[in-house]
Amino acid sequence: MDMDATVSMEKGAASAPFYLSQGDECDVFEAAHRNGLPVLLKGPTGCGKTRFVAHMAARLGRKLYTVACHDDLAAADLIGRYLLKGGETVWVDGPLTRAVREGAICYLDEVVEARKDVTVVLHPLTDDRRTLPIDRTGEELMAAPGFMLVASYNPGYQNILKTLKPSTRQRFLSLEFDFPPADLETEVVCEESGLDHGRTASLVRLAGKLRALKGQDLEEGVSTRLVVYAATLIAQGMPVGRAIEAAMIEPLTDDEDVKRGLLDLVTAVFG
Ligand code: ADP
């Protein structure tokens, strides 16, 4: 697997990316970091989990290694492997090993997607041992001060085959995320897109109506990410109807009848 395709690394920037908190999640995260405890973020896609981690890493002055997990991601992708370089075999640390050595934050996005051997690796890191055994090199790394493991998962996507085992989830502090209440979501979308408050509030009202259809006509409600996309297009001059269709309707369904029903909701909100 090409590691660079799934891993992104950000330095602990001086100014933290914008994040509007919904409660005391920043305090809990800070306390977890101070005590070296791992944190699990639960919640639907596009509700601000990744932004939250980027914000907290910057606030805490920690480098962040983000890994987007997928069903082919194996422990070696996180730990590292021997690679051939100019005729020589050299060991190359994976993102988790780098974070453990450097005292950085490692964020495993959608951790249940990863292969089973990944959870085995996480166990000694998520209890008071705070160690990472690297079988291939015979090393047993002690996590440097400041190291923190953060993982996210979307309980809505769970099925019997892909669920986080109690033995794994009981190693993490857990924070529940959801779409923010309308006034906060409007603030987020205004800030992210630059669209005026009035039109943004209407988009957020529409998002609320679309989310109410989850489980009936729609598998997933519309994410804050998609509302930001719609607002960004409108702020740049795209007609409202076209922007909503592209950003808030088409991504939700392929069913023509359902789409027509959703467009009726748009008319109800925007006239
Ligand atoms: P997730 O990781 O939960 O899938 P993201 O963190 O990528 O979602 O959020 C998607 C987008 O929504 C972000 O890029 C940001 O524009 C916006 N967003 C959502 N919630 C917030 C928030 N509380 N503060 C700032 N931006 C937010």
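Residues numbered from 1 in each chain as written. Predicted model: local features only at pLDDT ≥ 70, side-chain atom pairs only at ≥ 80, totals over all residues. Heavy atoms only, no water.

(A) Structural view of the overall build of the protein chain. Looking only at helices and strands, the protein chain has 12 helices and 10 strands in total. A total of 271 residues make up the protein chain; the buried ones form 46% of that total. Within the protein chain, contacts between residues at least 6 apart in sequence are counted, and of these 74% link residues at least 24 apart. When the accessible surface of the protein chain is totalled, it reaches about 13,400 Å², and 50% of it is carbon and sulfur. With 30 positive and 40 negative side-chain charges, the protein chain shows a spacing of 3 Å between the two charge centroids. (Helix = DSSP H or I, 4+ residues; strand = E, 2+ residues; numbered from the N terminus. Buried < 20%, exposed > 50% of the residue type's maximum accessible area, 1.4 Å probe, protein only. Contact = heavy atoms within 4.5 Å. Areas by Shrake-Rupley, 256 points an atom, 1.4 Å probe, with all protein chains shown as cover. Lys, Arg positive; Asp, Glu negative; His and termini not counted. Charge placed at Lys NZ, Arg CZ, Asp CG, Glu CD.)

(B) Inspection of the site of the ligand at higher detail. Taken together, 16 residues sit near the ligand, with Leu20, Gly46, Thr50, Arg51 and Glu192 positioned nearest. With respect to the ligand, the backbone of Gly48 contributes an N or O atom lying 3.2 Å from an oxygen atom. Thr50 is positioned with one of its side-chain polar atoms (N or O) 2.4 Å from an oxygen atom of the ligand. Burial of the ligand by the surrounding chains reaches 91%, relative to a free accessible area of 570 Å². Elements with a minimum of two residues in the shell around the ligand: helix H3 (49–59), helix H8 (182–193) and helix H10 (224–235). Residue composition of the shell around the ligand, grouped by class: seven nonpolar, five polar and four charged. (Near = heavy atom within 4 Å. Polar contact = N/O pair within 3.5 Å; in protein donor to acceptor, adjacent residues only side chain to side chain. Nonpolar A, V, L, I, M, F, W, Y, C, P; charged D, E, K, R; others polar.)

(C) How the structure looks around the environment of Cys106. Along the chain, Cys106 falls in strand S6 (residues 105–109). Note: C-alpha distance between Cys106 and His197 (91 residues apart in sequence) is 36 Å. For Cys106, the contacting residues outside a window of four places in its chain are Tyr65, Leu96, Ala99, Phe147, Met148, Leu149 and Val150.

(D) Molecular detail of the packing of H8 against helix H9 (residues 197–211). Running from amino to carboxyl end, H8 crosses H9 at an angle of 125°, the nearest separation of the two axes being 9 Å. Here H8 is positioned oblique relative to H9, judged by the angle of their axes. As H8 runs across H9, the sense of the crossing is right-handed. Residues Ala182, Glu185, Thr186, Val189 and Cys190 of H8 form the contact with H9, whose own contacting residues are His197, Thr200, Ala201, Val204 and Arg211. (Axes fitted to C-alpha atoms, helices over the stretch in contact; angles between N-to-C directions. Parallel < 35°, antiparallel > 145°, perpendicular 65-115°, else oblique. Left-handed = near helix turned anticlockwise from the far one by under 90°.)

(E) Highlighting unusual backbone geometry. Notably, Glu110 is not glycine yet its phi reads approximately 55°, a positive angle. Its place among the elements puts Glu110 in the loop between S6 and helix H6 (116–125). One non-glycine residue, Arg130, lies in the positive phi region at around 45°. Within the secondary structure, Arg130 is located in the loop between H6 and strand S7 (131–134). What makes Arg130 buried here is its relative accessible area of 17%.

(F) Local environment of H10. With 12 residues, H10 extends 16 Å from end C-alpha to end C-alpha; this agrees with the ideal 16 Å at 1.5 Å per step. Three or more residues of H10 are buried, namely Thr224, Leu226, Val227, Val228, Ala230, Ala231 and Ile234. Against H8, H9 and helix H11 (240–249) lie the buried residues of H10. Positive backbone phi, at 110°, marks Gly237, one or two positions downstream of H10. (Expected span 1.5 Å × (residues − 1).)

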